[in-house]
Amino acid sequence: MKIGIEGQRLFRKKKHGMDMVALELIKNLQAIDGKNEYVIFVRPDEDNTCIPKAPNFRVVELSSRFGYPGWEQIELPRAAFREGCDVLHCTSNTGPIFCKVPLVTTLHDIIYLESISIFKKEGTWYQKLGNMYRRYFVPPVIKKSKKVITVSHYEKHRINTYFGFKDDRLTAIHNGVGEHFKKVTDTALLSSVKKKYNLPDNYFFFLGNTDPKKNTIGVLRAFSKFNEIYPDRNHLVMLDYDESELKRILASIGNPGLRSLIHLTGYVPNQILPAIISQACIFLYPSLRESFGIPILEGMACGVPVITSNTSSMPEVAGEGTALIIDPFNPDEIVHAMQRLVEDQMLAKVLSEKGVERAKDFSWESMARHVLDLYENVYEEIKS
C-alpha cells in the first residue's frame, strides 16, 4: 500500500500543535511500519530536515502561487494521484474537495463551525480568514472522506452532533506526549536554558497565544489578582507572544504595571520546552475550548502541577485527581487554584507525582498504531 500524508507546514520553523501531531505520526510510523510505502507532501521552507530519512518514506515538496488554498485544493490532489497513492491522509482539519485518491481526514476540532465571525474583536485577521476557509471547505471534505479521525471522545461527540454520522467513519484516537517531555534534572542544562531565556527564579508557566480560546485575558486577570495577594512573589513566563498585544490586554484590565512580572521568551524549539517547564512552580492551561490539550500532558510529564479547565476535552485528558480543574470563565477560580498550590506544597507534590503517571497513559506510538490500522481498513474496503 502507498500512503500519502499531507504535511504542508512541517518545514516551517515555528511549528504549532497540528504540525507537531503530524510530525510525531510520521516519526512513529517510521518506527513501526517497514512494509508500506509513504509519500509525505510538504511545502518548501527552512526546516527541511525535520522529517527523518527512512527507506520506505519519501518527501515531495510542492509549491503553489496561490498560497494555502492553491496548495491544498490543486497541487496536493494532483501530486497524490500522480504518485499513485492508495490513500491520502490530510492531517490538519481540511483537505481537497476534488481528489481522485481516497481520503482519510484528521478533524482536530470544529470550533470554526460552531461559532465564528470575522467581525469579532478577538483573534487576528489571519486566524479569522483561516476559520472562514475551513468553514467553507470542511463539510464537503468530511462528507467524501472514507474515514475521519478526531483526537478525543469529547470532540467525537461534538463532530457527530454537527455532521450526524450514521456509520462508523468517525473514530477517536488520542494524541500522545513526546518522550522528551520529562522532568529535567540536569543542573547544567537547566542553568543554560535559564540563562539563555533569562528566566526568573519563581514563575508560573502559561502556554497561550492570541487565539481567544487560549484565555490569555482570563489568565492575566487571574495573575493580576494573585499579585495583589502575593506582591512580586511569582513571575509569569509566556512564550512567543506579541508585546503590543500583551500591553493592550494589561491596559484593558487596568494593570499595565504587571508587565514587569511577565517574561516573554520568544519562540522556543519544542526540544527545549521541558527544561523551561521543569523549572516552573505551576503549569497554567485554563483554555476555554480544546479538542485535546497536549500541553496538559507535557506539563504533567515534566512533573509540574497543572491547572486546567472543566470544559470540552480537558477533563478527559487530565484524568481524575491529577490536576486542579477550574472554570476558565471565572478568573477567581484560577486565582484560588494558584493560591492552593503555592500554599499547600503537599498538594503540589501529590499532583506532580500523579501527573507523571497520568502522562504515561498517552504515547505517540500507540496513536500511530491505531492510525496504521485505520489505513489498512480503508485499503481493504477499497479493494473489496
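Before reading on, note that the structure itself is shown above.
Residues numbered from 1 in each chain as written. Predicted model: local features only at pLDDT ≥ 70, side-chain atom pairs only at ≥ 80, totals over all residues. Heavy atoms only, no water.

1. So, the layout of surface pockets
Logical step 1: In this structure, the second largest pocket occupies an estimated 370 Å³ of space.
Logical step 2: Lining of the second largest pocket is provided by 19 residues; of these, Val-177, Gly-178, Glu-179, Phe-362 and Ser-363 occupy positions nearest its centre.
Logical step 3: In terms of residue count, helix α1 (residues 17-32) provides more of the lining of the second largest pocket than any other element does, four residues in total.
Logical step 4: For the lining of the second largest pocket, a count of residues per class yields nine nonpolar, four polar and six charged. (1 Å grid on protein atoms, 1.4 Å probe; cavity = no way out; pocket = protein on both sides within 12 Å on 5 of 7 lines; lining within 4 Å. Points joined across faces, edges and corners; volume = space filled by probe spheres on them. Helix = DSSP H or I, 4+ residues; strand = E, 2+ residues; numbered from the N terminus. Nonpolar A, V, L, I, M, F, W, Y, C, P; charged D, E, K, R; others polar.)

2. Re empty space enclosed by the protein
Logical step 1: Taken as a whole and judged by the stated rule, the model has two cavities of 30 Å³ or more.
Logical step 2: Put simply, the largest cavity is a space of about 110 Å³.
Logical step 3: Elements supplying a minimum of two residues to the lining of the largest cavity: α1 and α14 (364-383).
Logical step 4: Partitioned by chemical class, the residues of the lining of the largest cavity number eight nonpolar, five polar and no charged.
Logical step 5: If you add up the space inside the second largest cavity, you get close to 30 Å³.

3. Section: the sheet that holds strand β6 (residues 147-150)
Logical step 1: Reading across the sheet, the seven strands line up as β3-β2-β1-β4-β5-β6-β7 and stay open at both edges, with parallel pairing between neighbours. Each having just a single partner strand, β3 (57-61) and β7 (170-172) make up the two edges of the open sheet. Neighbouring strand axes in the sheet, compared pairwise and without regard to direction, differ in orientation by 20 degrees on average.
Logical step 2: With three bridges connecting them, strand β5 (residues 103-106) and β6 associate as parallel partners. Each residue of the ladder has a partner; that of Val-104, found in β6, is Lys-147.
Logical step 3: This element, helix α2 (residues 67-82), spans β1 (2-6), β2 (37-42) and β4 (87-90) of the sheet and lies at about 155 degrees to β2.
Logical step 4: Across the sheet, α14 lies against β1, β2, β4, β5, β6 and β7, angled at about 170 degrees from β6, the strand it touches most. (Pairing = 2+ DSSP bridges. Axes fitted to C-alpha atoms, helices over the stretch in contact; angles between N-to-C directions. Contact = heavy atoms within 4.5 Å.)

4. What to know about the packing of helix α7 (residues 216-229) against helix α8 (residues 243-252)
Logical step 1: The contact between α7 and α8 brings their axes to 10 Å, and the two run at 55 degrees. In this view, α7 runs oblique relative to α8, as classed from their interaxial angle. In the packing of α7 onto α8, the handedness of the crossing is right-handed. Of the residues in α8, those in contact with Thr-216, Ile-217 and Leu-220 of α7 are Leu-246, Ile-249 and Leu-250. (Parallel < 35°, antiparallel > 145°, perpendicular 65-115°, else oblique. Left-handed = near helix turned anticlockwise from the far one by under 90°.)

5. Looking at the side chain of Arg-9
Logical step 1: Tracing the sequence through the fold places Arg-9 in the loop between β1 and α1.
Logical step 2: For Arg-9, the side chain forms a polar contact with the side chain of Asp-19, separated by 3.5 Å.
Logical step 3: What Arg-9 contacts, discounting residues up to four positions off in sequence, is Met-18, Asp-19, Tyr-68 and Ser-92. (Polar contact = N/O pair within 3.5 Å; in protein donor to acceptor, adjacent residues only side chain to side chain.)

6. Overview of the packing of helix α12 (residues 331-343) against helix α13 (residues 345-359)
Logical step 1: Between α12 and α13, whose axes approach to 5 Å, the crossing angle comes to 100 degrees. By the angle class used here, α12 and α13 are roughly perpendicular. Residues Arg-340, Leu-341, Val-342 and Glu-343 of α12 touch α13, and the partners they reach there are Gln-345, Leu-347, Ala-348 and Leu-351.
Logical step 2: Classifying every residue of the contact of α12 with α13 by side-chain character gives five nonpolar, one polar and two charged.

7. Concerning the pairing of β1
On a regular strand, one side chain projects to one face of the sheet and the next to the other, so that they alternate.
Logical step 1: Most of β1 sits inside the fold, with five of its five residues counted as buried.
Logical step 2: The two faces of β1 match: Lys-2, Gly-4 and Glu-6 on one face and Ile-3 and Ile-5 on the other face are all buried.
Logical step 3: Bridging between β1 and β2 involves five bridges; their strand directions are parallel. Bridge pairing in β2 places Lys-2 opposite Glu-37.
Logical step 4: Chirality of the crossover, the property in question, places the unit of β1, α1 and β2 among those that are right-handed. (Buried < 20%, exposed > 50% of the residue type's maximum accessible area, 1.4 Å probe, protein only. Right-handed = clockwise from strand over helix to strand, strands pointing away.)

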